[in-house]
Amino acid sequence: MFPSSFDYVRASSVAEAISILANEEDAKLLAGGHSLLPLMKLRLASPSKLVDIGRISELSYIEDRGEYVAVGALTRHRDLEVSAVLGSSVPMLSHVASLVGDPSVRHRGTIGGSVAHGDGASDLPAAVLALDATMVAQGPNGTREIPASEFFLGFLETALEEGEILTEIKVPKIHGGWSYQKFNRRAQDWAIVGVAAVRNGSTKVSLVNMGSMPLRALATEAAMNSGASISDAAALAAEGIDPPADLNASADYRRHLASVLVKRALEEASSS
Amino acid sequence: MTVTEPKTSGGVIGTRMLRKEDPSLLTGESKFSDDLVIPGALYIALLRATVAHARIVSIDTSAAKSSAGVVAVYTYDDLKDDWAGPMPCAWPVTADMKNPAHFPLANGKVNYVGDGVAVVVANSKTAAIDAIEAIEVEYEELTPVLDLEDSVSDSTVIHQDLATNSSYLWELIPNKDAVDEAFSNAVHTVEERYIQQRLIPAAMEPRSLVVVPAPFGGDFTVYTSTQIPHILKVMLALTLGISETKIRVIAPSVGGGFGSKLNVYAEEVLALAIARKLRKPIRWTEERTENALATIHGRGQVQDIELAADANGKITAVRVNILADMGAYLQLVTPGVPLLGAFLYHGVYDIPNYSFSCTGVFTNKTPTDAYRGAGRPEATYAIERAVDALARKMGVSAIELRRRNFIPKEAFPYPSAAGLTFDSGDYAANLDKALSILDIEPILAEKQARIDAGSTKVLGVGLSFFVEMCGLAPSRVLASLNYGAGGWEAATVRILPTSKVQVVTGTAPHGQGHETSWSMIVADKLGISPDDIEVLHSDTAIAPYGMDTYGSRSLSVGGSAIHLATEKVLDKARAIAAHQLEVSADDLEYSNGTFAVKGSPEKAYPLAAAAFEAFTAHNLPDGMEPNLEASVTWDPPNFTFPYGSHFAVVEVDTETGKVELVRYLAVDDCGNRINPLIIEGQIHGGLVQGIAQALYEEASYDAAGNLLTSTLADYLVPSATEFPFFELDHTVTPSPTNPLGVKGIGEAGAIASPPAIINAIIDALSHLGVSHIDMPASPQRVWETINNAGK
Ligand SMILES: Cc1cc2nc3c(=O)[nH]c(=O)nc-3n(C[C@H](O)[C@H](O)[C@H](O)COP(=O)(O)OP(=O)(O)OC[C@H]3O[C@@H](n4cnc5c(N)ncnc54)[C@H](O)[C@@H]3O)c2cc1C
C-alpha cells in the first residue's frame, strides 16, 4: 500500500494550476485525495506529479444565485452537509453528502473531486445528474459549461479535457420532492445500489453503481413523465441497463434492488 | 477446592476501575513495534505468490538486486542453511498426522496466494517495496485445491510427499454402539450441514517487528507484535538453532490479536535469520493486504451434525463430522483448533451419547489457526442451530426445548459424555434472568402483527445458550491431547523497599487490560492503592516464565498465580511483623496495609515496615531470606466453563434482504467479576466479531484461489454504526477450579453470538418457509433464500 514515487507541487490559484498542468504531461490534480490516493496506493494510478489544489480557498463556497446554488469545486462534503443555503434550497445535496463514507472522508473529500472522478459507484455524481446540475470548467482556452447529462462519459471518464479544472457546480433549486436511497451493508460503504429521484416539474431518476458511470433510469423517467404509476415506473428501473456483479451483489440482485429502491425513492419524492 | 467468593480485603475487586493502560495509549505515549526508533535498521519486504498453486520455474532477482537502496535479495535457496528446520507446528493432534515441511520462503513450489517467494532487504521501506516489483518469477500453474470436499477426494494432491490432502482424522467416540442405538431408537432426529466460513482476524495493529542484534555477545532482541513472547522465544531458538539464552523477545504495546498473533510467522524467522546474517537490525511491518493474505485465517469448516431425541424432545445423542480447512500448511496450533471445540458439541445439554470426528484437510489457501473462540464458536453454532432445528421440527418453542435438556444445576460438577467435568453452572436461572429482561411477549405479538399486515419488515427472535471451556489449560489434559506445551502460568509479586509493588506475569496482554486487573487483584489483597503497583510483562528478560495470552486463560490461570503469589508474599510479611511484635503470626490480622494483634489493635506493624525490614535484613526471623518477594507457578486442575443466554432481535427487510439488528441481550456468567468495565468491553468486542461472522465477514476466493477480500473495503469489518446498544447483564456462578472463582470472558461474545443472529433470521422468515441460511447472512443471500423458499 505504498504509491510509486512522484513529485508534488501546491498550486495557490486556479491559473497557476492550469499552467502547471499545461506544462507537465503526466500531472494530476489532487483535491481531497480520497479517490486518487487509494488508486495510487494500489498502484493503479502512478502520476509523475501531483498538483495540489486542496488549499485554493477561492474554490470553496456555496452561494445562492437566485434560480440555482453555485457550489465551488473544492467544497468539502462536510460543508455541503451543514450548509444552510443548501438546506433550504437543495436539501438533497446536503443529505447525499452526509451519506458519503465516514466523517474523515467527508472532511477531506470535495464535491469537485468526486464529480471529476466520475465514479459510477459514488453518490455525488448521481446526485448532480438527477439534480440536472451544470459543471463549470476552466482550462487554457477559457471557461465552459457542461450539463450533467453530457458530463459523464464512461468508466472514470468525464467531459473534462486534459488540462481543464472543474471550478464550480451550478445546482438548480428543488421546488418539488426528492429522495435519495442508498443501499449498503455498512454505513461507511459505497452504495451497492443507490437511487436519486427529483421531482422538479418533471421527474429525474439516477442510479448509483448500476453501471460503469452514473446512469439515468431513462425508462422509469419516461414512464413517470407520461403518467404511469410509481410501481409500474419502478419496475422499469433497470431497463436497458447491464449492472456489474461483485461480492455484494449479482447483476440480477442489483436489478431487483434498483426497482425496489426506485419505488421507495419515487414514493418518498412524491410525498414531500 | 471450593470457592464461593474471592477472599477480598480491599474492596477493589468488583469495581469499575478505569484502565491504567488507557492514558498512555490515548496520548500516543505507548509504543508499538513500528513506532520504535532503531538507528541503522534495514527493512525487509516479501514478494508473495500471486498464484494459488504452482511450481516455481525460475526466479530472477537480478534487477531487484541492482534497484536503488537494495542491500540483498534472498530466495529459499539462498537461506536454506540459515535455519535449523521448518517452521513449527506445536500440536501434532495424532501420532500419524501429516505435516508438510513449511519454510519461511517457498521451496520450489507455492501453495497459496501470499506464500513467500523472495525477500528483499533494503535501506528503506519504499526501496524494499519498489524492488519487489522488479523480481520476475515464472510459474508453472497447477490445479488449485480450494473446496474442502474436493480436497478430501485427493483428485489433486497439494503436498505430493504426503500423498494425500488429509492431514489427520481425530475422533472422540466413547461408545459408538450406544450412539447408533440412540439414533435407531430416536423419535425425532435432525441432520444438518453448516458452513463455517473463513474469517480474517484484522487486528487494528498489523503484525510488525524489529530484530536487533546486540553489539557483542551474539544476542538478539526481537520486538514483535505477538501474543506469545515466551512461546515465540523457544520456537525461534529451535527453528533457527540459536540458544534460547541468546534471544530476548519483547512484545511492546500490541494492538489486538484475537489469536492471529498466537503464532510463529515466516517474517519473524526471516528477520532473525537475516539479522544474524547481516549483523544489522531488521524491521518489517505488514501491510493491510498482507494481513489478509499472510496472517492466519480463522474458522473454515464444513459441519455435519445430527441429533437424536425421544418423544419429549430429550436429546439422547449427538453425532458430528467435521471437515476442517487447514489451509496450505500447519501453523503453530492449526490442527488443534477443531479439538478445542470437539468436547462441546453437546452444548449446555445433558446428552448421554456422543460422537465427534474431524478430518483436517489442506487447501491452497492461507493457513488457518486460532481465531477468537477457536473451535468453540464452531461447536456452539452447530449445537445451537441444531437445537433450534429440532424445536422447529417438533413444533415446540426453542426456549422450552432447551429447558428440557439443560444440564441441571444439581448435576455439577458435571461429567460430560465427551469426557470433561463442567465446573459449575445454573443454566435455568441464567435463562430466567435473560427472559425477564427481554420481555419477549410484546416482541412476539408485534412479530405476528407485522406478518398479519403483510409487512415487508419482519421480526425474529433468536436465542443462543452457550457454554465454552476456557482457562487453557491443565497441563496433563494438554498432554492427553498431544499439545506441545503446558498450560500453567507464572507470577512473581515483589514488595520493594519503598513499598511499591512489582508484579511480574507470564501473560502477554494485547488489549485486555491485564495491568489494571492484575493490579486490582494485588491491591485488593494487600489493601494498598492499585496505583502503587506496576505490572511487568511481555519481556522474556523480565518475565522469564510464561505461557502467554489466548484461550481466555489469563485471568483464571495467570490471575490465580498472582493471587497465590500475593498470599505468599503477605505470609512472609506477616512472619516479619510477628517477629517484630514478638507475637505468633496466627495472632495477627491484616487490614489496610497493617498487621495488628487481634484484640489489641494498638500493637500494629505496617506492611511498609516489613518491606523495608526485608530489604535491610537487619532483624529478620532466623533462617528467613532477605527481600519480600514470592513466585508461584499455577497449573489449573480443570478448565473453566463460562456460559450465558444471548438473545438477538432482528428486523429483516424482505424486499432487499437486509437484516437489521434491533436488540442484542447478553446475560453472561463468567464466575466472579474482577472489573465489570473490562468484562463489558470484552463482551462488546466479542459480540461485534461474532455478529460480524453472522452478517458481514467472509474471506472470499475466486475460482483460481485469489483472495477477493484483501482490503478493508471488501472485507466487511463492521463499525459501531452497525450495532444497537448492547444490553448486558450477568449471573455469577463462581468456578471452584481456581482460587479467584473466575471463569473467562475474552471469547464469550464471539462464541455465543453467531447462532443467536442466524436463529433470529430464520425465526423472522420461517413463515415464508425458510429453515436454513448460511453465514454471512448478506442481503443478497437473504433475498435469494426467501426467493428459493417460495419456490
Ligand atoms: C474510505 C472511503 C470511503 C468513501 N466512501 C464514499 C461513499 O460512500 N460515497 C462516495 O460517493 N464516495 C466515497 N468515497 C470517495 C470520496 O467521496 C472522495 O473524496 C471523492 O470521490 C473524491 O474527492 P477528492 O476531493 O478526494 O478527489 P481526489 O481524490 O483528490 O481526486 C479525484 C480525481 O479527480 C481529479 N480532480 C480532483 N479535483 C478536480 C477538479 N477540481 N477538477 C478536475 N479534476 C479534479 C483528480 O485529479 C483525481 O483524478 C470514499 C472514499 C474513501 C477513501
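Each value, and the rule that gives it
Residues numbered from 1 in each chain as written. Chains lettered and ligands numbered in written order. Predicted model: local features only at pLDDT ≥ 70, side-chain atom pairs only at ≥ 80, totals over all residues. Heavy atoms only, no water. Helix = DSSP H or I, 4+ residues; strand = E, 2+ residues; numbered from the N terminus. Rg over C-alpha atoms; globule rule 2.2 N^0.38 Å. Buried < 20%, exposed > 50% of the residue type's maximum accessible area, 1.4 Å probe, protein only. Contact = heavy atoms within 4.5 Å. Areas by Shrake-Rupley, 256 points an atom, 1.4 Å probe, with all protein chains shown as cover. Lys, Arg positive; Asp, Glu negative; His and termini not counted. Charge placed at Lys NZ, Arg CZ, Asp CG, Glu CD. Buried area = accessible area lost by both parts, 1.4 Å probe. Salt bridge = Lys/Arg side-chain N within 4 Å of Asp/Glu carboxyl O. Polar contact = N/O pair within 3.5 Å; in protein donor to acceptor, adjacent residues only side chain to side chain. Nonpolar A, V, L, I, M, F, W, Y, C, P; charged D, E, K, R; others polar. Phe/Tyr/Trp six-rings, centres within 6.5 Å; stacked < 30°, edge-to-face > 60°. Lys NZ or Arg CZ within 6 Å of the ring centre and 35° of its normal.

### Some details on the overall build of chain B
Regarding its fold elements, chain B presents 21 helices and 28 strands. What you see for chain B is a C-alpha radius of gyration of 28 Å, in line with the 28 Å of a compact globule of 791 residues. Each principal axis of the C-alpha distribution contributes one length, and for chain B these read about 90 × 70 × 50 Å. Evaluated residue by residue, chain B yields a buried proportion of 63% over its 791 residues.

### Topic: the overall build of chain A
Along its length, chain A carries twelve helices and 14 strands. Over its C-alpha atoms chain A spans a radius of gyration of 18 Å, differing by no more than 12% from the 19 Å that the globule rule assigns to 272 residues. Relative to all contacts within chain A whose residues are 6 or more apart in sequence, the contacts with residues 24 or more apart total 61%. Summing over all exposed atoms, chain A offers an accessible surface of approximately 11100 Å²; the carbon and sulfur share of this is 49%. Seen as two clouds, the 24 positive and the 32 negative side-chain charges of chain A have centres 6 Å apart.

### Describing the interface of chain A and chain B
Facing 20 residues of chain A, the contacting portion of chain B comprises 32 residues. Buried area between chain A and chain B, summed over both chains or domains, comes out near 2300 Å², and the portion from carbon and sulfur atoms is 56%. Here Arg-43 of chain A ties to Asp-130 of chain B by a salt bridge, and the two come within 2.7 Å at their closest N and O atoms. Between chain A and chain B we count 14 residue pairs in polar contact (both at pLDDT 80 or more) in total. It is helix H12 (residues 251-271) of chain A that provides the largest number of residues to the side of chain A that touches chain B, a total of six residues. Tallied by class, residues from the side of chain A that touches chain B come to nine nonpolar, five polar and six charged.

### Observations concerning unusual backbone geometry
Residue and element names in this part refer to chain B. With omega at -5 degrees, the peptide bond leading from Leu-472 into Ala-473 counts as cis. One can find Ala-473 in the loop between strand E18 (457-467) and helix H15 (475-480). Here the bond from Met-775 into Pro-776 is cis, since omega is -10 degrees, no more than 30 degrees from zero. Checked against the element boundaries, Pro-776 lands in the loop between helix H20 (748-765) and helix H21 (779-790). Here the phi dihedral of Arg-279 falls at roughly 55 degrees; this positive angle occurs in a residue that is not glycine. When you line up the elements, Arg-279 lands in the loop between helix H8 (266-278) and strand E12 (282-285). Take Arg-279: its relative accessible area is 46%, and that puts it in the partly exposed class. In this structure, Asn-627 is a non-glycine residue whose phi angle is positive, near 75 degrees. On the basis of relative accessible area, Asn-627 is assigned to the partly exposed category, the value being 44%.

### Quick look at the packing of aromatic side chains
Residue and element names in this part refer to chain B. All chains considered together, the criterion is met by 25 aromatic pairs over all chains. For the ring pair Tyr-112 and Tyr-329, a centre distance of 6.2 Å and an interplane angle of 75 degrees mean the geometry is edge-to-face. Of this pair, Tyr-112 sits in the loop between strand E4 (109-110) and strand E5 (116-122) while Tyr-329 sits in the loop between strand E14 (315-327) and helix H10 (339-342), and the two are 217 residues apart along the sequence. According to the relative accessible area criterion, Tyr-112 is buried, its value standing at 6%. Considering the side-chain rings of Tyr-345 and Phe-356, the 5.3 Å spacing of their centres and the 35 degrees angle between planes classify their relative orientation as tilted. Pair noted here: Tyr-345 is in the loop between H10 and strand E15 (353-362) and Phe-356 is in strand E15, with a separation of eleven residues, a long-range link. What makes Tyr-345 buried here is its relative accessible area of 1%. Cluster of aromatic residues (ring-pair linked, three or more members): Tyr-349, Phe-406, Phe-412, Tyr-414, Phe-422, Tyr-427, Phe-465, Phe-641 and Tyr-643. Over the face of the ring belonging to Phe-183 we find Arg-319, whose NZ or CZ atom lies 4.2 Å from the ring centre.

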